[in-house]
Amino acid sequence: MTTLVIGGAGYIGSHVVRLLLEQGERVIVVDDLSTGLRSRAEGAELLELDVTRPEAREVLAESLRSSGADSVIHFAAHKQVGESVENPEMYWHDNIGGLANVLSACASAEVRDVVFSSSAAVYGVPDVDLVTEDLTPRPINPYGATKYVGEWMLADAERAHGMRTVALRYFNVAGAGWPELADTAVMNLVPIVLDALEQGRAPVVFGDDYDTPDGTGIRDYVHVLDLAHAHLAALDYLRGEERPHRVFNVGTGEGSSVLEVIDAIARARGIEITPEIGARRPGDPARLICSGDRIAQTLGWKSEHGLDDIVRSAVEARAAALAPDADAYPEG
Ligand SMILES: NC(=O)c1ccc[n+]([C@@H]2O[C@H](COP(=O)([O-])OP(=O)(O)OC[C@H]3O[C@@H](n4cnc5c(N)ncnc54)[C@H](O)[C@@H]3O)[C@@H](O)[C@H]2O)c1
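These figures come from a predicted structure and were not determined experimentally.

Participant: How should the site of the ligand be read in this particular structure?
Facilitator: Surrounding the ligand, one finds 28 residues, the nearest of these being Asp31, Thr35, Phe75, Lys79 and Tyr143. Contact distances for the ligand include 3.0 Å between a nitrogen atom and a backbone N or O atom of Val51. Asn188 is positioned such that a nitrogen or oxygen atom in its side chain is 3.2 Å from an oxygen atom of the ligand. For the ligand, the protein covers 94% of the area, taking 830 Å² as the surface of the free molecule. Elements with a minimum of two residues in the shell around the ligand: α1 (11–22), β5 (113–119) and α5 (142–161). The leading source of residues in the shell around the ligand is β5, at three residues.

Right, dumping it as structure tokens:
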């Protein structure tokens, strides 16, 4: 089997690439290395390409045809909520335009199976404790909107071209399956806290007056390695016969508060952490916890790692990257 992994040099994509290579599949990584690292695509073929460019559609179609690829996993996207609010045009153009090129290349090369990185951001601020896929998405920022539009585009491509697609709505992704594939971006809670500690700053907690047991926001943290396995399960599902659903949440079904995550980091580092308490951020729900029933029942996928595993792997990866002879994060 041959899979084109678009954005495969990124944090999540590189974990999937590694698992696919381990199970003996041929992998072609398509990446413009804007946030990805060449070193993360090691072992796969690498096609350096910006998929948002007008010519990308034909280049992708040609790569799909010449490699005989049977499936595509599309990770490449901008993913910063704040940036999307300030510059929505970039998100429309790149996240939606990039996906349009990918889907039309698949249609042209008659590649049927596509897995797409969606996000819990499609749900916005849901007024329920456990988020199921049946809930009507109401994204509250352009980033979440581009992911929801992406899901519509997959549905259109299914109708028009007989494609078979899965959109995985990731909840809070963290940890590292291998130290060298760790998240290098400082955007999610675990890397933000680790970064603050390295710089000798107290991590900031945005709001401790939510209606939760310790007053801080609760999220569903899923280990990136578990998430990567969910992509393999999605590919198997697309290659099978039965296909009752095309959208799946990916999370653990368990919530951890900001303070619980900080405590887990303190345990893993063997230190005490006293966070600074700041104001709430607009648009942050008190809790966002995934119902994992659909993916468990349909794809047979369940997370295996809990918060302590996630945090330990992230802390170990940071330590490896900071070691004097570390080459975990080489340039490009
Ligand atoms: N990390 C999370 O917590 C999270 C949560 C929900 C959804 N997602 C989604 O998962 C996907 C992957 O996220 P990630 O955390 O691995 O991000 P990442 O930035 O590490 O990976 C994205 C990869 O895509 C590449 N890329 C970006 N634009 C491209 C373009 N125009 N052409 C070719 N390659 C391009 C980058 O170089 C990078 O290798 C994204 O679609 C993101 O929206 C991530």
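Participant: Is there a simple way to think about the pattern of salt bridges in this case?
Facilitator: Side chains bearing opposite charge may pair, as long as their charged atoms lie close to each other. Using the criterion set out here, one finds 22 salt bridges in the structure. Arg18 is the salt-bridge partner of Glu180, the closest N and O atoms lying 2.9 Å from each other. One end of the pair, Glu180, is in the loop between β8 (172–174) and α6 (189–198); the other, Arg18, is in helix α1, with 162 residues separating them in the sequence. Asp129 is the salt-bridge partner of Arg287, the closest N and O atoms lying 3.7 Å from each other. Here Asp129 lies in the loop between β5 and β6 (130–131) and Arg287 lies in strand β15 (residues 287–290), a separation of 158 residues in the sequence. A residue is classified by how much of its surface remains accessible, and Asp129, at 54% relative accessible area, is exposed. Each of Arg57, Glu58, Glu62 and Arg65 takes part in a single network of salt bridges with overlapping partners.

About the thresholds
- Residues numbered from 1 in each chain as written.
- Predicted model: local features only at pLDDT ≥ 70, side-chain atom pairs only at ≥ 80, totals over all residues.
- Heavy atoms only, no water.
- Near = heavy atom within 4 Å.
- Polar contact = N/O pair within 3.5 Å; in protein donor to acceptor, adjacent residues only side chain to side chain.
- Areas by Shrake-Rupley, 256 points an atom, 1.4 Å probe, with all protein chains shown as cover.
- Helix = DSSP H or I, 4+ residues; strand = E, 2+ residues; numbered from the N terminus.
- Salt bridge = Lys/Arg side-chain N within 4 Å of Asp/Glu carboxyl O.
- Buried < 20%, exposed > 50% of the residue type's maximum accessible area, 1.4 Å probe, protein only.

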